[in-house]
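So you can see what is in the structure, the chains are spelled out below.
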Amino acid sequence: MGSYAMATSPPVDAGFDGIAPFYDALSRLVFGNSLRKAQAHWLGSVPKKANILVLGGGSGWLLSRILAVCDPKTVLYIDASPVMISLAKKEVNNDSRVDFRVGTETAIRPGDRVQVLFTPFVLDLFTEERLQTQILPRLLTCLDKDGYWFCCDFVKPVFWWQRLLLWGQYRFFRTLSRIEANRLPNWLMLLNSQPSLHSGKSQPYFGRMILSGYWQKTAW
């Protein structure tokens, strides 16, 4: 689960403000280092000096690794939570290469163009209909031809305890943060069905409950 919705009955997509201060600690308590390993798995494959978009990056841990490992030209960093954005700014000392924006995919402007896109534990927050009709088209529009989309997220559980854990996650985040989805969307199928995307390699984590992979845009 990424950082995209907020507590105390705000509008959906308002951000994880209510749990932002302890979100990272909570995720490590439940998943250990699996979430971070999944997010960082492909950083060595990112082209240098690229323009990068990170959607729903949270408190900035991934951003700090991108700046250190990938040596980007610019990073457009979008998160729906103002608190998460504030934490991310502190994490990277408000690095001048980063354009911080509070918002969702609608914060992507018509002129924004990137060669690399990261969606870390974000797609699982939305319904398949929203992903297919709004979020994926918006992201694909700003990704250049031959650009790379790096995505890590939860996939269909293999074991009973994973199904129970996933059920608990959705109950927890729908109660505290009003996320849109009430079950795991088949984001993997949606990405693989995009005619402009070619799937690359992938790596499973946490007993195959998490998948980290990349896709390349082959056409407009």
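A brief structural summary. (Residues numbered from 1 in each chain as written. Predicted model: local features only at pLDDT ≥ 70, side-chain atom pairs only at ≥ 80, totals over all residues. Heavy atoms only, no water.)

A word on the pairing of strand β3 (residues 98–102). Of the pairings in the sheet, the one linking strand β2 (residues 74–79) to β3 comprises five bridges and is parallel in character. In the sheet register, Tyr77 faces β3, and the bridge partner there is Phe100. Handedness of the β-α-β unit built from β2, helix α4 (residues 82–91) and β3 comes out right-handed. (Pairing = 2+ DSSP bridges. Helix = DSSP H or I, 4+ residues; strand = E, 2+ residues; numbered from the N terminus. Right-handed = clockwise from strand over helix to strand, strands pointing away.)

Right, let's get into the pairing of strand β5 (residues 143–154). For β5, the buried fraction is high: nine of the 12 residues fall into the buried class. Direction of pairing for strand β4 (residues 114–120) relative to β5: parallel, over a ladder of six bridges. Paired with Val114 across the bridge in β5 is Leu143. The sheet contact formed by β5 and strand β7 (residues 210–217) spans seven bridges and is antiparallel. Looking across to β7, one finds that Cys151 is bridged to Gly213. (Buried < 20%, exposed > 50% of the residue type's maximum accessible area, 1.4 Å probe, protein only.)

A few words now on the pattern of salt bridges. Tallied over the full model, the rule gives eight salt bridges. Here Asp71 and Lys49 are joined by a salt bridge, their closest N and O atoms 3.2 Å apart. Pair noted here: Asp71 is in the loop between α3 (61–69) and β2 and Lys49 is in the loop between α2 (34–40) and β1 (51–55), with a separation of 22 residues, a long-range link. Under the relative-accessibility criterion, Lys49 is labelled exposed at 52%. Among the ionic pairs, Arg130 bridges to Glu105, the shortest N-O distance being 3.3 Å. Taken together, the residues span a long stretch of sequence, with Arg130 in helix α5 (residues 128–142) and Glu105 in the loop between β3 and β4 at a distance of 25 residues. Residue class for Arg130 comes out buried when judged on its relative accessible area of 10%. Given the relative accessible area of 3%, Glu105 is considered buried. Through salt bridges with shared partners, a single network forms among Lys49, Asp71, Asp95 and Arg97. (Salt bridge = Lys/Arg side-chain N within 4 Å of Asp/Glu carboxyl O.)

Turning next to the sheet that holds β5. With mixed pairing, seven strands are arranged side by side in an open sheet as β3-β2-β1-β4-β5-β7-β6. One side of each edge strand has no neighbouring strand; the edge strands of this open sheet are β3 and β6 (197–205). Averaged over neighbouring strand pairs, the angle between their axes works out to 15° when direction is ignored. As defined by bridge partners, β1 adjoins β4 across three bridges and the pair is classed as parallel. Note that in β4 the partner of Leu53 across the bridge is Leu117. Across the sheet, α4 touches β2 and β3, and the angle it forms with β3 is around 160°. On the sheet, α5 packs against β1, β4, β5, β6 and β7 and is oriented at approximately 140° with respect to β5. (Axes fitted to C-alpha atoms, helices over the stretch in contact; angles between N-to-C directions. Contact = heavy atoms within 4.5 Å.)

Let's shift gears to a nonpolar patch on the surface. A surface patch of nonpolar side chains, amounting to about 680 Å² of accessible area, comprises Val158, Phe159, Trp160, Trp161, Leu164 and Trp167. Among the secondary structure elements, Phe159 is positioned in the loop between β5 and α6 (160–177). By relative accessible area, which is 36% here, Phe159 ends up partly exposed. (Patch = residues over 30% accessible without salt bridge, like charges linked within 9 Å, V, L, I, M, F, W, Y side chains within 5 Å. Areas by Shrake-Rupley, 256 points an atom, 1.4 Å probe, with all protein chains shown as cover.)

Here we take up α4. Of the residues making up α4, those classed as buried are Met84, Ile85 and Ala88. Seen from one end, α4 has its buried residues packed into an arc of 100°, which puts them on one side. Once α4 ends, the next one or two residues include Asn93, with phi positive near 55°. (Arc of directions from axis to C-beta.)

Residue position: Thr119 is located in strand β4. Of note is the side chain of Thr119, whose polar atom sits 2.9 Å from the side chain of Trp149. Aside from chain neighbours lying at most four places away, what touches Thr119 is Leu55, Leu139, Trp149, Phe150, Cys151 and Cys152. (Polar contact = N/O pair within 3.5 Å; in protein donor to acceptor, adjacent residues only side chain to side chain.)

Right, let's get into the packing of aromatic side chains. Two descriptors summarise a pair of aromatic rings, namely the distance from one centre to the other and the angle between the planes of the rings. Tallied over the full model, the rule gives 12 aromatic pairs. Between Trp161 and Phe206, the ring centres sit 5.7 Å apart and the planes meet at 75°, which makes this aromatic pair edge-to-face. With Trp161 in helix α6 and Phe206 in the loop between β6 and β7, this pair connects stretches of sequence that are 45 residues apart. Given a relative accessible area of 36%, Trp161 falls into the partly exposed group. The structure contains a cluster of three or more aromatic residues connected by ring pairs, namely Phe31, Phe121, Phe154, Phe159, Trp161 and Phe206. (Phe/Tyr/Trp six-rings, centres within 6.5 Å; stacked < 30°, edge-to-face > 60°.)

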